[in-house]
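# Working through the structure, step by step
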Amino acid sequence: MPNLVLHGYWRPGTSYRTRIALNAKGLDYRQAPVDLLSGEQRAADYRALNPLGLVPTLEADGRLRRAGGHDRRHGGRYAFGDSLTMADCHLVP
């Protein structure tokens, strides 16, 4: 089972759908809040995770899966174990 960290803000639909997918799949994860109201998504440390500064970013054993189209070129076929793809989270078409 990968070590999952969800970097996000509670309100956006993409973060919400990602949490739903993780919970529906029964995957344990840790939340790392990104405060959009204070502009934390524009900070250098978050931009290192997601250069566009969008939420959410899902980290699995050091591998990053990002909102904002970074992974669309691969068709969303990133699996965390065999249980979860980003398509499950509706982050990619």
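Heads up: these notes are all about the structure in this document. Fair warning: this is a prediction, and the values are worked out from it, not measured in the lab. (Residues numbered from 1 in each chain as written. Predicted model: local features only at pLDDT ≥ 70, side-chain atom pairs only at ≥ 80, totals over all residues. Heavy atoms only, no water.)

Glancing now at the overall build of the chain. Looking only at helices and strands, the chain features two helices and six strands. Mapped from its N terminus to its C terminus, the chain presents α and β elements in the order β-α-β-α-β-β-β-β. Taking all 93 residues of the chain together, the buried fraction comes to 43%. For the chain, restricting intrachain contacts to residue pairs at least 6 apart in sequence, the fraction spanning at least 24 positions comes to 47%. By element, 50% of the accessible surface of the chain is carried by carbon and sulfur atoms, the whole surface being about 5200 Å². (Helix = DSSP H or I, 4+ residues; strand = E, 2+ residues; numbered from the N terminus. Buried < 20%, exposed > 50% of the residue type's maximum accessible area, 1.4 Å probe, protein only. Contact = heavy atoms within 4.5 Å. Areas by Shrake-Rupley, 256 points an atom, 1.4 Å probe, with all protein chains shown as cover.)

Turning to the pairing of strand β2 (residues 29-33), a few remarks are in order. One ladder, built from five bridges, connects strand β1 (residues 4-8) with β2; its direction is parallel. If you follow His 7 over to β2, its bridge partner there is Ala 32. One crossover worth recording links β1 to the parallel β2 by way of helix α1 (residues 13-24), and it is right-handed. (Pairing = 2+ DSSP bridges. Right-handed = clockwise from strand over helix to strand, strands pointing away.)

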